[in-house]
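Topology and contacts: notes
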Amino acid sequence: MKQVFKRPESLSKTPFHYCPGCDHGVVHRLVGEAIDELELKNRAIGVAPVGCSVFAYDYFDFDFNQAPHGRAPAVATGIKRTRPDAIVFTYQGDGDLAAIGTAEIIHAANRGENITVIFINNAIYGMTGGQMAPTTLIGMKTATSPYGRDASTAGNPIRMSEIIATLESPAYVTRVAVNNPANLMKAKKAIYNAFKLQKEGKGFSFVEVVSICPTNWGKKPADSHKWLAENMLPVFPPGTFKDVHGVEKA
Amino acid sequence: MAKVLMKGNEAIGEAAVLAGCRYYFGYPITPQSELPAYLSKRLPQVDGVFVQAESEVAAINMVYGAGSAGARVMTSSSSPGISLKQEGISYIAGAEVPCLIVNVVRGGPGLGNIAPAQSDYWQATRGGGHGDYRTLVLAPNSVQEMADMTIEGFELADRFRNPVLLLSDGVLGQMMEPVNLPEPRDYDVNSKKWALGYPGKDKAERNLCSSIFLDVEELEEHNWHLYQKYQVMTDLFSEGQYKDFAVEEHLCDDAEIILVGYGIISRILKTVVEKCRKRGIKAGLLRPKVLWPFPTKAIQRLADKAANFLCVEMSCGQMVEDVKLAVNGKKPVYFFGRTGGTIPSDFEILNEVDKIVRPD
Amino acid sequence: MSKWVINENLCKGCGICIARCPLKILGFADHLTPKGIHPATILNEEKCTSCAICARSCPDVAIEIFKEEK
């Protein structure tokens, strides 16, 4: 018997603390697989955010910094500038990246920092108990939008990939999902591409993963993936917004 | 090296380079602008990194990242910008990352003005950000000391794995004086075994730089560990290796009144002491050169001898609280301050001394 | 040796693997794990093609897949 699927070396043995069905685990694994396949484990340094993935450092088997809320791209900038040979990535949620850390992500992208950003967009704050996020859909009920998000008072869902793709400096900006096996394979390729670009010193790479939050959405995991396809993906359409070096065609 | 005429802010920049600092992250604000301008020119000449960040918040977090990766790293700002940095400083202190932070203090609160002030004493010495932590606070009073304390600041930060704050002001930052610059020191980014990306074979399984301890007992243990470190620092600065570095005493032995002041004020106070002596008033000067750990013991010793203390600050009275705590009711502690960017004159201070020692 | 191996200590019983199995040969086990959940299990291993969709979909990386070598 030949093993055809196993836990990547870059993941530690620590069980994830995430809720049942949470996409964080899948994306962690895809990051681990990309780093393994590109043979970058001994050069990798991660930056954990504030939010559900605050303990991401426990789940990867390499050096990590735990950054203040939203500041991961600034922290990653400091690390990468100090150690240009390290493979530095941030792993951030929508509250961290698209609300409190908007300035940090935009400017790290605009400087073209040679780092990789994995952005988990599940349209809600998870760790703090299901509050409205900048990416919450119109009409979506959360702990702090109990009547549904109202565009007239809370604005509209913010599309970070599209915003970042307007900048000249980033090398690669793409949006994926892991809601079914086909999308999952595309997400795997996108994350691989992002780290490959960094390995080759080609600049800022950004992968948005549209994800579920079964607990705070109040849905079963399988139902959440269906809801994501029907409601999230029309607002956050998967696709590649920028690929300066043609990594997807290579 | 021959003496060179330099602005205080530039002296900090050159001293940082000589100390082996190759990483600067900052955001423009008056009156510290000469420092980033100097380093933006100087650092590329030594293969260093200068990044003008999008905000003070981002700058201090770049410092956090670079420091956690083993860099000798600094940032600088002035009062409102230092307020913005407090979040990062708290994380840096919690994660025990060494770095140098320069505050060229200006008038506050709020936007205040750009004139020199000492109204950030509480913020500097009480922590400033959230949580049980301390930063080491150095207070130069000359351009020479701006340079010397920058170099010593990096050494102290590395020794204690703690952020070091250099508390300057608009006068010291802007004025020019001759400076004796030391020989350059080598610094190896791979000299810290705990740093992220440390390549040595003696590295732990993996290195983690974090200030989160979700378990109550773990955080308590961590906070007591920090406290013990701060106690060691306090001992070294009050009685140990750094005793003389921490405080300057001038004509205190026979003094009936001790003038207490730091930074630029201490130079005015020196003039006041000389004028007092000429008029037959036995005045002395005690200048804290390190504001935290505060030279409590030095003041306690003088409280047994002198009759009065007069604390002078460019604020409504902040350090005077530490002086009172040190004197502990043994002798009267008076205060004289000017605020909002006003620098008190020697005549004004002399007048205050007169009121205390010659009330009739 | 089994083609389908689950670490029941990692399984949280989310059911994603069961929903995504193209042959519908996964289900919940009758027993409870120490965490108090019914873990996923393989109901008809003979039919399993080792496609690994279940393993790739598992948020807890609880499943390992082996394939018969020919």
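Scroll up to find the structure.
Quick summary incoming for the structure in this document. No experiment lies behind these values; they were computed from the predicted model shown.

Some points on the overall build of chain C
Within chain C, the secondary structure is distributed over two helices and four strands. Along the chain direction, N to C, the helices and strands of chain C fall in the order β-α-β-β-α-β. In summary, chain C has a C-alpha radius of gyration of 11 Å against a globular reference of 11 Å for 70 residues, a match within 12%. Along the longest, intermediate and shortest principal axes, the C-alpha atoms of chain C span 40 × 20 × 20 Å. Expressed as a percentage of the 70 residues in chain C, the buried residues total 37%.

Points about the sheet that holds strand β13 (residues 290–292) of chain B
All names here are of chain B. Read from one edge to the other, the open sheet built from seven strands follows the order β3-β2-β4-β5-β7-β6-β13, with strand pairing classed as mixed. The open sheet has two free edges, formed respectively by β3 (49–52) and β13, since each of these has just one partner strand. Across this sheet, the average inter-strand angle for adjacent strands is 20 degrees, counted without regard to direction. Judged from the two bridges that link them, strand β6 (residues 136–138) and β13 form a sheet pairing that is antiparallel. Bridge pairing in β13 places L138 opposite V290. Each of β4 (73–77), β5 (99–105) and β7 (163–169) is contacted by helix α4 (residues 79–95), which is oriented at about 160 degrees to β5, the strand it contacts most.

Comments concerning the interface of chain A and chain B
Between chain A and chain B, the contact holds 25 residues from the first and 32 residues from the second. Taken together, the elements giving at least two residues each to the side of chain A that touches chain B come down to β3 (63–66), α3 (72–82) and α5 (102–110) of chain A. Looking at which element gives the most residues to the side of chain A that touches chain B, the answer is α3(A), with eight residues. Broken down by class, the residue content of the side of chain A that touches chain B amounts to 13 nonpolar, six polar and six charged. Sheet topology places β3(A) next to strand β9 (residues 208–209) of chain B; two bridges connect them, and they run parallel. Paired with F64(A) across the strands is L208(B), a residue of β9(B).

Considering helix α10 (residues 221–235) of chain A
Over its 15 residues, α10(A) extends 20 Å from the first C-alpha to the last, a length consistent with the 21 Å expected when each residue adds 1.5 Å. Of all the bends in α10(A), the greatest, near 40 degrees, is centred on L228(A). For α10(A), the complete set of buried residues consists of P221(A), S224(A), H225(A), L228(A) and M232(A). Against the buried residues of α10(A) lie β6 (172–177), β7 (205–210) and α9 (214–217) of chain A together with α1 (16–20) of chain C.

Overview of the interface of chain A and chain C
Buried accessible area, meaning the area lost when the parts come together, often serves as the stated size of an interface. On the side of chain C, 25 residues touch chain A, which itself brings 22 residues to the contact. Mapped onto the side of chain A that touches chain C, the elements with two or more residues apiece are β1 (2–5), α1 (23–37), α8 (181–199) and α10 of chain A. Split into classes, the residues belonging to the side of chain A that touches chain C amount to 14 nonpolar, three polar and five charged. Alignment of β1(A) against strand β4 (residues 63–67) of chain C, held across three bridges, turns out to be antiparallel. Bridge assignment links F5(A) to a residue of β4(C), and that residue is I65(C).

Concerning the sheet that holds strand β11 (residues 257–260) of chain B
Residues and elements named next belong to chain B. What the five strands build is an open sheet, ordered β10-β12-β11-β14-β15; its pairing is mixed. The open sheet terminates on both sides in strands that have one partner only, identified here as β10 (247–250) and β15 (333–337). Within the sheet, the average angular offset between the axes of one strand and its neighbour, ignoring direction, is 20 degrees.

Regarding the packing of helix α1 (residues 8–18) of chain B against helix α6 (residues 143–160) of chain B
All names here are of chain B. At a minimum axis separation of 8 Å, α1 and α6 run at an interaxial angle of 30 degrees. Regarding the angle of α1 to α6, the classification is roughly parallel. As α1 runs across α6, the sense of the crossing is right-handed. The residues of α6 that touch α1, namely those facing G8, A11, I12, E14, A15, A16 and L18, are V143, M146, A147, T150 and I151. In terms of residue class, the contact of α1 with α6 is made up of nine nonpolar, two polar and one charged.

Thresholds, definitions, all that
Residues numbered from 1 in each chain as written. Chains lettered and ligands numbered in written order. Predicted model: local features only at pLDDT ≥ 70, side-chain atom pairs only at ≥ 80, totals over all residues. Helix = DSSP H or I, 4+ residues; strand = E, 2+ residues; numbered from the N terminus. Rg over C-alpha atoms; globule rule 2.2 N^0.38 Å. Buried ≥ 20, exposed ≤ 12 C-beta atoms within 10 Å, placed from the backbone. Pairing = 2+ DSSP bridges. Axes fitted to C-alpha atoms, helices over the stretch in contact; angles between N-to-C directions. Contact = placed C-beta atoms within 7 Å. Nonpolar A, V, L, I, M, F, W, Y, C, P; charged D, E, K, R; others polar. Expected span 1.5 Å × (residues − 1). Bend = angle between axes of the 7 residues up to and from the residue. Parallel < 35°, antiparallel > 145°, perpendicular 65-115°, else oblique. Left-handed = near helix turned anticlockwise from the far one by under 90°.

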